[in-house]
Structure formats: C-alpha cells, structure tokens
Amino acid sequence: MADWSDSLAIAQARAPLAELVNDRPSEWLHRYAVPSDMAQPLAIREVGEAAQYLPLAGPSNFPLQNATPLAFLNESGSIYTNVTNATLIYTRSTVDAGSLTPLLQKAFCDELSARIAMPLTKEPKLVQTLSIMAEQSKAKALADEENKVERHQIRYVTEAEYARQGYGA
C-alpha cells in the first residue's frame, strides 16, 4: 500500500540520516544510510537553526525549505547528498493498519481479495471482477486522501512582489 502513492500522509516519515564512509567523494560530500523502512525517498532537508521570524502570509513558499529542493541520489542502499546532517523525508514501506482510514481499509481488503482469488478459486471471471473492484476502491481511497492535504505550488517570487509586500529596501 505504501507504494500506491508518494503523497499518502500516513505513509510519510522524516528521519535524521546516519552518515557512512563516502565512497564517491568526487561526486558527493556525504553518504548516508537509508532508513530500514524506506520505500521511496521524497526530499532532503538540512538541519538549521530555529527561525526567529517567519511571515504569516505573503509571496513566500511555505514551508520555506520547499522553495529549494536539495539534490540527492538514492543508490545501492545509500543516500548521497551535499547536505551536512541531512534529514530525509520519505515514504515508509510499512503502514500501521490501525492508522488506515475506512476507505483505505476497504481498498486494502479489496486488493487482498483480488490477489488471493486465483489461487483459491481458479475462476478467471471472478479474479477479473475483483481486480476491477480493487482498482476502483484504490482510486477512491487515494483521491480521498489527496483531497485532505492542501498542496501549495512552489512558485517564483519576483523582487517586485516582495517590494509590494513591504519586504526589502
């Protein structure tokens, strides 16, 4: 289920990364071990000092770190990046069944029934029907989950927009 979508909030996690010996020093400054429950890396964040002031609104991206996607490479069980003390945002490979919403629970049950139907029944028509039902349940559940999370498009902010908001000199 964690592979169904990268935007499932219940499957996302953050973890500080453990540094390994860098075997590619001419390409990347740091090499980190991937978390044991990682299915897909999404983004790298650097550890920074606590902000003293953050605007409540305006032409900025929120959170501000989204405006600067930090480069990384996921390869051979390692994360390579130029970020010191990196934190990884990733999709977990396992999801706690108790945290599933009712639509996700139904989608999971439908998916499971479609997968075990053929070994149990040997009925191709039944398997086809269950597969279609599972796909529809999955689509409904994913749409419902994605509609719950407000997405902000990362945008370029011009100097003129900042000036109109009263930022800068």
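Described below are features of the structure shown in this document. It should be emphasised that the depicted structure is a prediction, and the values quoted were computed from it without experimental measurement.

## Quick word on the overall build of the chain
Right, on to step 1. The secondary structure content of the chain amounts to three helices and seven strands.
Right, on to step 2. Traced from its N-terminal end to its C-terminal end, the chain shows the element sequence β-β-β-β-β-β-β-α-α-α.
Right, on to step 3. Partitioning the intrachain contacts of the chain with sequence separation of at least 6 by distance along the chain shows that 77% fall at a separation of at least 24.
Right, on to step 4. In the structure as shown, the chain presents an accessible area of about 11,300 Å², 55% of it carried by carbon and sulfur atoms.

## Comments concerning the packing of aromatic side chains
Right, on to step 1. Per the counting criterion, the structure on display carries zero aromatic pairs.
Right, on to step 2. Over the face of the ring belonging to Tyr80 we find Arg24, whose NZ or CZ atom lies 4.8 Å from the ring centre.

## A closer look at the pairing of strand 1 (residues 12–16)
Right, on to step 1. Side chains of strand 1 alternate between two faces, with Ala13 and Ala15 buried and Gln12, Arg14 and Pro16 left unburied.
Right, on to step 2. Taken together, the five bridges between strand 1 and strand 7 (residues 86–92) define a ladder with antiparallel strand orientation. Each bridged residue has a counterpart across the sheet, and for Ala13 the counterpart in strand 7 is Tyr90.

## With respect to unusual backbone geometry
Right, on to step 1. Phi is positive for Ser76, which is not a glycine, with a value near 55°.
Right, on to step 2. Tracing the sequence through the fold places Ser76 in the loop between strand 5 (72–75) and strand 6 (78–81).
Right, on to step 3. Overall, Ser76 belongs to the exposed group, its relative accessible area being 70%.
Right, on to step 4. A positive phi angle, near 60°, is found at Lys122, a position not held by glycine.
Right, on to step 5. Here Lys122 lies in the loop between helix 1 (102–121) and helix 2 (124–148).

## A short note on the sheet that holds strand 3 (residues 30–33)
Right, on to step 1. Read across the open sheet, the four strands follow the order 2-3-6-5; overall the sheet is antiparallel. Strands at the two margins of the open sheet, each flanked by one partner only, are strand 2 (19–20) and strand 5.
Right, on to step 2. Bridge count for strand 5 against strand 6 is four bridges, and the pairing is antiparallel. In the strand pairing of strand 6, Glu75 is matched with Ser78.

## Points about a nonpolar patch on the surface
Right, on to step 1. Side chains of Phe108, Leu112, Ile116 and Leu120 sit close together on the surface and give an oily, nonpolar patch of about 390 Å² of accessible area.
Right, on to step 2. Its location among the elements puts Ile116 in helix 1.

## Quick look at the side chain of Thr87
Right, on to step 1. Looking at the element boundaries, Thr87 is found in strand 7.
Right, on to step 2. In this structure Thr87 comes out as buried when scored by relative accessible area, which is 16%.
Right, on to step 3. Those residues in contact with Thr87 that sit more than four places away from it in its chain are Arg14, Ala15, Pro16, Ala43, Ile44, Arg45 and Val47.

## Focus: the pattern of salt bridges
Right, on to step 1. Summed over the entire model, instances satisfying the criterion amount to seven salt bridges.
Right, on to step 2. Lys106 is paired through a salt bridge with Asp110; the nearest N and O atoms lie 2.7 Å apart. Taken together, the residues span about one helical turn, with Lys106 and Asp110 both in helix 1 at a distance of four residues.
Right, on to step 3. According to the relative accessible area criterion, Asp110 is buried, its value standing at 8%.
Right, on to step 4. Several salt bridges share partner residues, and in doing so they unite Arg24, Glu27 and Glu75 into one network.

The rules behind the values
- Residues numbered from 1 in each chain as written.
- Predicted model: local features only at pLDDT ≥ 70, side-chain atom pairs only at ≥ 80, totals over all residues.
- Heavy atoms only, no water.
- Helix = DSSP H or I, 4+ residues; strand = E, 2+ residues; numbered from the N terminus.
- Contact = heavy atoms within 4.5 Å.
- Areas by Shrake-Rupley, 256 points an atom, 1.4 Å probe, with all protein chains shown as cover.
- Phe/Tyr/Trp six-rings, centres within 6.5 Å; stacked < 30°, edge-to-face > 60°.
- Lys NZ or Arg CZ within 6 Å of the ring centre and 35° of its normal.
- Buried < 20%, exposed > 50% of the residue type's maximum accessible area, 1.4 Å probe, protein only.
- Pairing = 2+ DSSP bridges.
- Patch = residues over 30% accessible without salt bridge, like charges linked within 9 Å, V, L, I, M, F, W, Y side chains within 5 Å.
- Salt bridge = Lys/Arg side-chain N within 4 Å of Asp/Glu carboxyl O.

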